[in-house]
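This is what each chain is made of:
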Amino acid sequence: MPFTIILLDREDGDTQPLEGKYDPGANTTGIALVALFKRGRRVIWAANLHHRGLQIEEKMTERRGFRRNRRKRHCRYRPARYNNRARPKGWLPPSLTSRVENVRTWHRRLMSRAPVSEVHIETVRFDTQKLQNPEIEGVEYQRGELFGYEVREYLLEKWGRECAYCGAEQVPLEIEHIVPKSRGGSDRVSNLTLACRACNQAKGNRDVREFLANDPERLAKILAQAKAPLKGAAAVNSTRYAIGEAIKASDLPVSFWSGGRTKRNRLSQGYQKDHWIDAACVGASGESVFVPKGFLPLEIQARGRGHRRVHNNDDFGFPRGAPRKCKRVQGFQTGDLVELVCKRGKSAGRHVGRLTSIRARGWFVLRKGGRNHDRPAREFRLLARADGYEYTTGTTG
Ligand SMILES: [Zn+2]
C-alpha cells in the first residue's frame, strides 16, 4: 500500500519544480514525476496505471442481460428505454470514460502530494501540423531526425499497419517510395508507403505501376490511398483528447506532444519500452531524462468500487438470503485491507488481506491461503480503505 510522508518544514519553497508526465494508452497509462535538479532531469516517481476497459464492457453486457431477462419474465421490471436520446457532445462509452476518470483521479492525487508545476501529455500519435508545415518549429523539424519518426507514425496510421503490396500484418515494415527516387519520385509523404522486407526487395527500383502490373485492383487502391491525406482527426484519439481536457481543467500549464517524439526520445537514450518510461520521455523535456538503474514503478490496477448487485444468487439464479441493506458494516466494506489476528481455532495466526465479504450481522470473511476465515468484526483491524485500486511493485528497471 503506497503512502506519502509530507515534510512540514519544507513548506516555504526549497522544493524542485516537478513535471507531471502522462502517456495514455488503451490498456495502460504511464505516469512519471520528473524533477529538475541542478544536474538535470531525473525520474523520482513513476507508475503504470492499468485500466479496467474490457471488464466494464463485460459488466454492462451482463447488466443488460439481467434487465432483459427480468423484463421478459414480466416481474414488474421497468420497460425498455429506447436509446433515442441525443448523446451529449464529447460522449464516450463507459469503458473509455473510466480510463479518463482513472487518469483524472491520479492526477489529482499527485497534485495534492507533490509540487507539480507543469504537465506534459502525449495526446497524438504524430503531429499533422508539423508534417504539413515542417518549418513550424524551426530547423529541428526540417527533414531532421524527429521528422522521420513523425512520418513513420503517420504512415502506420494511414496504411493500416500492414504491407501495402501483400497485406502482411505483424511484420517489420519499411518505408517505401511508391515512385522510386531514381525515377524522379519525391520524398513527400504522399509518395511514401509501408512494405514488408520481402515486398520492398522484390519491388526494388521499379515503379509501382510496373511492379503491380498483374494486380490492377491493388494498384488502383494504392494510388488512390497515396493521394488522400490522412485527416487531422485520425491522429487524435478521442480518449486521449478527453484525458488532455480533464488535466487541462487543473489550472496547471499543460503541453501536448506527439508519440513520434516520445519514441525518438526513448530510443536516443537507449531505454527499453515501458509505459512509465515512455511517459518520462514525453515532449521536448523528455530528450534527456535520467532513469535511475533498478528503478521500480508502482503498478496500479483499477478494480472499481464494488458492484451494484443487491442480492446474491444461488446456482439457479434465484435470490439467496435477504437483500443487502448497506455497503458498510461497523466501518468495514468489502475490499478494505485488514489484519486478522486469531488466538485459536483453525484460523489461528495473523492474516493480512482484502475483505472478501462483509455481513450485516457483523461476521466478515477474509479469504487467505485457500481458506475462508469467517470471524466476528471485532477481530479485524482496518489497515487501509478500499480506494478502487490495487498496488504492486513493478519488476523492470
Ligand atoms: Zn509485403
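Cut-offs used in this document
Residues numbered from 1 in each chain as written. Predicted model: local features only at pLDDT ≥ 70, side-chain atom pairs only at ≥ 80, totals over all residues. Heavy atoms only, no water. Helix = DSSP H or I, 4+ residues; strand = E, 2+ residues; numbered from the N terminus. Rg over C-alpha atoms; globule rule 2.2 N^0.38 Å. Buried < 20%, exposed > 50% of the residue type's maximum accessible area, 1.4 Å probe, protein only. Contact = heavy atoms within 4.5 Å. Areas by Shrake-Rupley, 256 points an atom, 1.4 Å probe, with all protein chains shown as cover. Lys, Arg positive; Asp, Glu negative; His and termini not counted. Charge placed at Lys NZ, Arg CZ, Asp CG, Glu CD. Donors = N, O, S within 2.8 Å, 3.2 Å for Na, K, Ca; no water. Tetrahedral: all angles 85-135°; square planar, octahedral: opposite > 155°, others 65-115°. Phe/Tyr/Trp six-rings, centres within 6.5 Å; stacked < 30°, edge-to-face > 60°. Domains from an automatic or database assignment. Pairing = 2+ DSSP bridges. Axes fitted to C-alpha atoms, helices over the stretch in contact; angles between N-to-C directions. Salt bridge = Lys/Arg side-chain N within 4 Å of Asp/Glu carboxyl O.

1. Regarding the overall build of the chain
A tally of regular secondary structure across the chain gives 11 helices and 17 strands. Over its C-alpha atoms the chain spans a radius of gyration of 27 Å, topping by over 25% the 21 Å that the globule rule assigns to 397 residues. The principal-axis extent of the C-alpha atoms belonging to the chain is close to 85 × 65 × 40 Å. Within the chain, the proportion of its 397 residues that are buried is 40%. The contacts of the chain with a sequence gap of at least 6 include a subset with a gap of at least 24, amounting to 62%. Accessible area of the chain: about 23,900 Å², with a carbon and sulfur share of 50%. Each charge class in the chain was averaged separately, 75 positive and 43 negative side chains, and the resulting centres sit 10 Å apart.

2. Describing the coordination of the zinc ion
Distances from the zinc ion to its protein donors, Cys163 (SG), Cys166 (SG), Cys196 (SG) and Cys199 (SG), fall within 2.2 to 2.3 Å. Around the zinc ion, the four donor atoms sit at angles spanning 103 to 116°, and that spread fits a shape best called tetrahedral. Along the chain, the residues donating to the zinc ion fall in the pattern C-x2-C-x29-C-x2-C. Remark: Cys196 occurs in strand S6 (residues 192-196) and Cys163 occurs in the loop between helix H4 (145-158) and strand S5 (173-177); sequence separation between them is 33 residues. Exposure class is identical for Cys163 and Cys196. Each is buried.

3. Examining the packing of aromatic side chains
Applying the stated criterion across every chain, the model contains seven aromatic pairs. Consider the rings of Trp106 and Tyr391, whose centres lie 6.1 Å apart with planes at 75°: the pair is edge-to-face. With Trp106 in helix H2 (residues 94-113) and Tyr391 in strand S17 (residues 389-393), the pair connects residues that are 285 residues apart, well separated along the chain. You'll find Trp106 and Tyr391 in the same group, each marked buried.

4. Looking at unusual backbone geometry
Of note, the phi angle at Gln170 is positive, near 60°, even though the residue is not glycine. For Gln170, the position within the fold is in the loop between H4 and S5. Of note, Gln330 is a non-glycine position whose phi angle comes to about 50°, a positive value. Positionally, Gln330 belongs in the loop between strand S11 (319-320) and strand S12 (337-342).

5. Focus: the domain arrangement of the chain
Many descriptions give the size of an interface as the accessible area lost when the pieces come together. As far as domains go, the chain holds domain 1 (14-55 + 89-125 + 237-302), domain 2 (136-232) and domain 3 (324-388). Centre-to-centre separation of domain 2 and domain 3, based on C-alpha positions: 60 Å.

6. Looking at the sheet that holds S12
Strands sit in the order S13-S12-S16 across an open sheet of three strands; the sheet is antiparallel. Sheet topology places strand S13 (349-354) and strand S16 (380-384) at the edges, where each strand pairs with a single neighbour. Along the sheet, successive strands turn relative to each other by an average axial angle of 25°, direction set aside. Inspection of the sheet shows S12 paired to S13 by six bridges, in the antiparallel sense. Pairing of Glu339 across the sheet is with Val352, part of S13.

7. Some thoughts on the pairing of S12
Along any regular strand, the residues point their side chains to alternate faces of the sheet. With five of six residues buried, S12 is to be regarded as a mostly interior element. Hairpin remark: S12 followed by S13, antiparallel, with six residues in the connecting loop; positive phi at Gly345, about 90°.

8. Here's the deal with the pattern of salt bridges
Taken as a whole and assessed by the stated rule, the structure comprises 21 salt bridges. In this structure, the salt-bridge partner of Glu176 is Lys203, at a minimum N-O distance of 3.3 Å. With Glu176 in strand S5 and Lys203 in helix H5 (residues 197-203), this pair connects stretches of sequence that are 27 residues apart. Its relative accessible area of 1% is what places Lys203 among the buried residues. Linking Arg266 and Asp278 is a salt bridge whose minimum nitrogen-to-oxygen distance equals 2.7 Å. Of this pair, Arg266 sits in helix H10 (residues 259-268) while Asp278 sits in helix H11 (residues 275-280), placing them 12 residues apart in sequence. Grouping residues by exposure puts Arg266 and Asp278 together as buried.

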